[in-house]
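# Architecture and fold: a report
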Amino acid sequence: MMIEKGFSPYQNEADCIQIAGLTIENRLDRVSVYGSIDLWKDKGGLEAAREMKRLLDHVVEQLEKSDLPDKVEMAKVETVHNPFA
């Protein structure tokens, strides 16, 4: 699969693409990559590796353009009473 031109890392909370067995989700504060992939020593493995490289190059490019903090602080989770319990 070719990385969609509309996938802009850190720009929205909606984009989700797949490369072979990996799922890549776009968020405003992170790009999440999960799943499993085998890069076979064949043309399909080469194309999957190239797609992953293009995606990571795009992520690095966006990070390099940003004024980055040392570390992103996660928002504190507030626990509320379950009205259905």
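Residues numbered from 1 in each chain as written. Predicted model: local features only at pLDDT ≥ 70, side-chain atom pairs only at ≥ 80, totals over all residues. Heavy atoms only, no water.

Of note in the backbone geometry, Tyr-10 takes a positive phi value of approximately 70° without being a glycine. Here Tyr-10 shows up in the segment before β1 (16-19). Although it is not a glycine, Ala-20 adopts a positive phi angle of roughly 50°. For Ala-20, the location among the structural elements is in the loop between β1 and β2 (22-26). (Helix = DSSP H or I, 4+ residues; strand = E, 2+ residues; numbered from the N terminus.)

This part is about the pattern of salt bridges. Applying the stated criterion across every chain yields a total of 5 salt bridges. Of the charged contacts in the structure, one is a salt bridge between Arg-54 and Glu-47, with a shortest N-O distance of 2.9 Å. Its relative accessible area of 35% is what places Arg-54 among the partly exposed residues. Here Arg-54 ties to Glu-51 by a salt bridge, and the two come within 2.2 Å at their closest N and O atoms. Taken together, the residues Arg-54 and Glu-51, both in helix α1 (residues 43-64) and 3 residues apart, mark about one turn of the helix. A relative accessible area of 1% means that Glu-51 is categorised as buried. (Salt bridge = Lys/Arg side-chain N within 4 Å of Asp/Glu carboxyl O. Buried < 20%, exposed > 50% of the residue type's maximum accessible area, 1.4 Å probe, protein only.)

The next point concerns the pairing of strand β3 (residues 31-35). As defined by bridge partners, β2 adjoins β3 across 5 bridges and the pair is classed as antiparallel. Bridging across to β3, Asn-26 finds its partner in Val-31. (Pairing = 2+ DSSP bridges.)

By the criterion of burial, β2 is predominantly enclosed, with 4 of the 5 residues buried. Both β1 and β2 contribute to a ladder of 4 bridges, which runs antiparallel. Within the sheet, the bridge partner assigned to Ile-17 lies in β2 and is Ile-24. Here β2 folds back onto β3 in antiparallel fashion, the turn holding 4 residues.

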